[in-house]
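Letter by letter, the chains look like this.
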Protein chains: 2
Amino acid sequence: MSELLENEPVIASTIADTVCSKLQNAIVEGIIPAGSKISEPALANEFGISRGPLREALSRLEASNLIERKPNVGARVVTLTRQHLVEIYLIRESLEGLAARQAAENMSDKDINELDVLLEKHQQQIKQDQSYYQKEGDMDFHFRIIKGSKNSHLIDMFSNDLYHLIRLYRYQFGMVSKRVPRAFVEHGQIVDAIRQHDGELAQFLMSRHIRSSRINVEKMLDEHLAITD
Amino acid sequence: MSELLENEPVIASTIADTVCSKLQNAIVEGIIPAGSKISEPALANEFGISRGPLREALSRLEASNLIERKPNVGARVVTLTRQHLVEIYLIRESLEGLAARQAAENMSDKDINELDVLLEKHQQQIKQDQSYYQKEGDMDFHFRIIKGSKNSHLIDMFSNDLYHLIRLYRYQFGMVSKRVPRAFVEHGQIVDAIRQHDGELAQFLMSRHIRSSRINVEKMLDEHLAITD
DNA sequence: GATATCATAATTGTCGACAATATAGTTGAG
DNA sequence: CTCAACTATATTGTCGACAATTATGATATC
């Protein structure tokens, strides 16, 4: 189970909140297929709610870039393209580099110790079964660095916008790579740099880490020809 | 008048759209003061509309980080803090660096020529009256680079999220600096790098440009003691 | 047979009213 | 006089219905 999300308000007080969460998962998992049209009356019926809170939820999904809306026409689930995936990777390369730099400057010793614990846990899970690490564990690590930056706006951007998109692509493209051992080593290097409060190095390592991941993904897409740009 | 916004849909078809635009401007210009509470019935009355589209507009303002909403409590205009301003500058330093790099790779000759025209226009306006350049012209330049990156997600992030926040801080902190001539020179350097399709250099120059701007702003805030963190 | 036009149906946008929650004011006890 | 609890008020969340716009399908014309 994803550890970093435990501080999410489990009991979302408003209907729009709960429906929004459910829709996020439904879209990420492909239950609502990418590119498909969203019918407000149908969905409202399915959830047993009115169209009011549903539209509120759709607004947030639009802000998360999970759906696209056109006035007087309706909402569609976003379509996945290779180009868009690359764009997100480039943005991550840039922003998470900044996050790592600020994390090196602002993370407390306690925060860093928890990072160590997480890494150790990941190492054990890799020995047993790589699937968790690939699916959620990697996200946990990256999100924790972002939180460690203490840059509230940066944290917001990831929580609301990028996080679900990354999950979406990872889930639906179902990437499983041989990079896991290598990625784990890189995570360790990044934590080391943070521990030494070497922001410049942490930034460099994080950017390169994500760049490597992007290049790997691009190569995989080329081979599998899964997506034609 | 701001040139880069001319392709914005002037006739927003839905009420929520027009109200959202009006509220954006009202918040940026301080007509609705920072930190003030927003009453849905009052605002709806003022605009002569129902609460439905108003809430839709508020949802978008929340996504733009112009207001904050708490369930069952209501919406408040965001409060301006020095820390948040610095956070945004750091994000810009990172993202606009990426934008400049991609702009150097992806801008057409026609795009670059238009950049030249814009710069020349700015130069003339600086000689006459610096105010335009400081308020909107600078934003025009930066936004054009971002669009030049052809990174649609990056463009979205700025259009929906960062653009109005930047305007808000600039408007309400009313920064007027002696950096205008220097900033203009730096803009020229960036365009040169883009013209030579030197992405690495463009990224470096843009990041440094924004960093200088941030340091200048921080210094001004320290001197004026306008904002206490 | 293909295309344009119009009428029908369905969907989205908007509204006003009710229910649930939080805030403010008041009263009472210590 | 201070603080706690309760009542009353106001605000937000939710709902169902109507209006405006768009998509659909049939009909007629070339």
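Because the structure is a prediction, the values reported are computed rather than measured. (Residues numbered from 1 in each chain as written. Chains lettered and ligands numbered in written order. Predicted model: local features only at pLDDT ≥ 70, side-chain atom pairs only at ≥ 80, totals over all residues. Heavy atoms only, no water.)

Undergrad: Any chance you could explain the interface of chain B and chain A here in plain terms?
TA: When the parts come together, some accessible area is lost, and that loss is often what is quoted as the size of the interface. Between chain B and chain A, the contact holds 31 residues from the first and 31 residues from the second. Taken together, both faces of the contact between chain B and chain A bury some 2400 Å²; the carbon and sulfur share is 50%. Put simply, chain B and chain A have 4 salt bridges between them. Of the charged contacts, one joins B:Glu56 and A:Arg55 as a salt bridge, the two residues approaching to 3.6 Å between their closest N and O atoms. Where chain B touches chain A, the interface holds 13 residue pairs in polar contact (both at pLDDT 80 or more). Top contributing element to the side of chain B that touches chain A by residue count: helix H4 (residues 82-106) of chain B, with 11 residues. Classifying every residue of the side of chain B that touches chain A gives 10 nonpolar, 11 polar and 10 charged. (Contact = heavy atoms within 4.5 Å. Buried area = accessible area lost by both parts, 1.4 Å probe. Salt bridge = Lys/Arg side-chain N within 4 Å of Asp/Glu carboxyl O. Polar contact = N/O pair within 3.5 Å; in protein donor to acceptor, adjacent residues only side chain to side chain. Helix = DSSP H or I, 4+ residues; strand = E, 2+ residues; numbered from the N terminus. Nonpolar A, V, L, I, M, F, W, Y, C, P; charged D, E, K, R; others polar.)

Undergrad: Help me understand the side chain of A:Ser213 in this model?
TA: Residue and element names in this part refer to chain A. Relative to the elements of secondary structure, Ser213 occurs in helix H9 (residues 199-224). Note on Ser213: relative accessible area 19%, which makes it buried. For Ser213, the contacting residues outside a window of four places in its chain are Tyr89 and Arg179. (Buried < 20%, exposed > 50% of the residue type's maximum accessible area, 1.4 Å probe, protein only.)

Undergrad: I tried to follow the sheet that holds strand E1 (residues 37-38) of chain A on my own but got confused; where do I start?
TA: Paired through backbone hydrogen bonds, the strands of a sheet run either parallel or antiparallel to each other. All names here are of chain A. Strand order in the open sheet formed by 3 strands is E1-E3-E2, and the pairing between neighbours is antiparallel. On the outer flanks of this sheet lie E1 and strand E2 (67-70), each paired with one strand and no other. Bridging between E2 and strand E3 (residues 74-77) involves 4 bridges; their strand directions are antiparallel. Among the inter-strand pairings, Lys70 is bridged to a residue of E3, identified as Gly74. (Pairing = 2+ DSSP bridges.)

Undergrad: Got a minute to help me understand the pattern of salt bridges in this structure?
TA: Between side chains of opposite charge, pairing is possible as soon as their charged atoms come close. Summed over all chains, the structure comprises 44 salt bridges over all chains. Between A:Arg69 and A:Glu40 there is a salt bridge; the shortest N-O distance is 3.8 Å. Of this pair, A:Arg69 sits in strand E2 while A:Glu40 sits in helix H2 (residues 40-47), and the two are 29 residues apart along the sequence. Like A:Glu40, A:Arg69 is buried. Of the charged contacts in the structure, one is a salt bridge between A:Glu105 and A:Arg101, with a shortest N-O distance of 4.0 Å. With A:Glu105 and A:Arg101 both in helix H4 (residues 82-106), this residue pair falls 4 residues apart, about one helical turn. Members of the salt-bridge network, linked through shared partners, are A:Asp17, A:Glu56, A:Arg60, B:Glu40, B:Arg51, B:Arg55 and B:Arg69.

Undergrad: Help me understand the pairing of E3(A), please; the structure alone is not making it clear to me.
TA: Side-chain direction in a regular strand flips from residue to residue, so the side chains alternate between the two faces of the sheet. Residue and element names in this part refer to chain A. Judged by which residues are buried, E3 turns out to be one-sided: Ala75 and Val77 face inward and are buried, whereas Gly74 and Arg76, on the alternate face, are not. Sheet topology note: the E1/E3 ladder contains 2 bridges and is antiparallel. In the strand pairing of E3, Ile38 is matched with Ala75. Turn length for the E2-E3 hairpin, with the two strands adjacent in sequence and antiparallel, is 3 residues, and the turn residue Asn72 shows positive phi of about 65 degrees.

Undergrad: Would you take a moment to explain the sheet that holds strand E3 (residues 74-77) of chain B for this structure?
TA: Residue and element names in this part refer to chain B. With respect to topology, 3 strands assemble into an open sheet ordered E1-E3-E2, the strand pairing being antiparallel. Of all strands in the sheet, those bounded by a partner on one side alone are strand E1 (37-38) and strand E2 (67-70). Across the sheet, helix H3 (residues 51-63) is in contact with E1 and E2; its angle to E2 comes to roughly 115 degrees. (Axes fitted to C-alpha atoms, helices over the stretch in contact; angles between N-to-C directions.)

Undergrad: What am I meant to see in the packing of helix H5 (residues 109-128) of chain B against helix H8 (residues 180-195) of chain B here?
TA: The axes of two packed helices give the description: the angle between them and the distance between them. Residue and element names in this part refer to chain B. The interhelical angle for the contact between H5 and H8, taken along N-to-C directions, is 165 degrees, at an axis separation of 11 Å. The angle between H5 and H8 falls in the class roughly antiparallel. Crossing angle aside, the handedness with which H5 passes H8 is left-handed. Across the interface between the two elements, Ile112, Leu115, Asp116, Leu119, His122, Gln123 and Ile126 of H5 pack against Val180, Phe184, His187, Gly188, Val191, Ile194 and Arg195 of H8. Of the residues that constitute the contact of H5 with H8, the class distribution is 8 nonpolar, 4 polar and 2 charged. (Parallel < 35°, antiparallel > 145°, perpendicular 65-115°, else oblique. Left-handed = near helix turned anticlockwise from the far one by under 90°.)

Undergrad: What is the right way to look at the domain arrangement of chain A in this model?
TA: Residues and elements named next belong to chain A. Parsing chain A into structural domains produces domain 1 (2-77) and domain 2 (82-228). Surface buried jointly by domain 1 and domain 2 totals about 1500 Å² across both partners, of which 51% is contributed by carbon and sulfur atoms. Joining domain 1 to domain 2, the criterion identifies 0 salt bridges. Linking domain 1 with domain 2 are 6 residue pairs in polar contact (both at pLDDT 80 or more), by the criterion used here. It is helix H1 (residues 15-28) that contributes the most residues to the side of domain 1 that touches domain 2, 4 residues altogether. Grouping the constituent residues of the side of domain 1 that touches domain 2 by class yields 7 nonpolar, 7 polar and 2 charged. (Domains from an automatic or database assignment.)

Undergrad: Hey, could you run me through the protein's contact with DNA strand C in this one?
TA: Taken together, 17 residues surround DNA strand C, and among them A:Arg51, A:Arg55, B:Thr14, B:Ile15 and B:Ser50 come closest. When the atoms of DNA strand C within 4 Å of the protein are grouped by moiety, sugar and phosphate amount to 68% of the total. One nitrogen or oxygen atom from the main chain of A:Glu40 is found 3.3 Å from a phosphate oxygen belonging to DNA strand C. Within the backbone of A:Asn72, an N or O atom sits 3.2 Å from a phosphate oxygen of DNA strand C. Looking at the surface near DNA strand C, the elements that each hand over two or more residues are E1, H2 and helix H3 (51-63) of chain A. (Near = heavy atom within 4 Å.)

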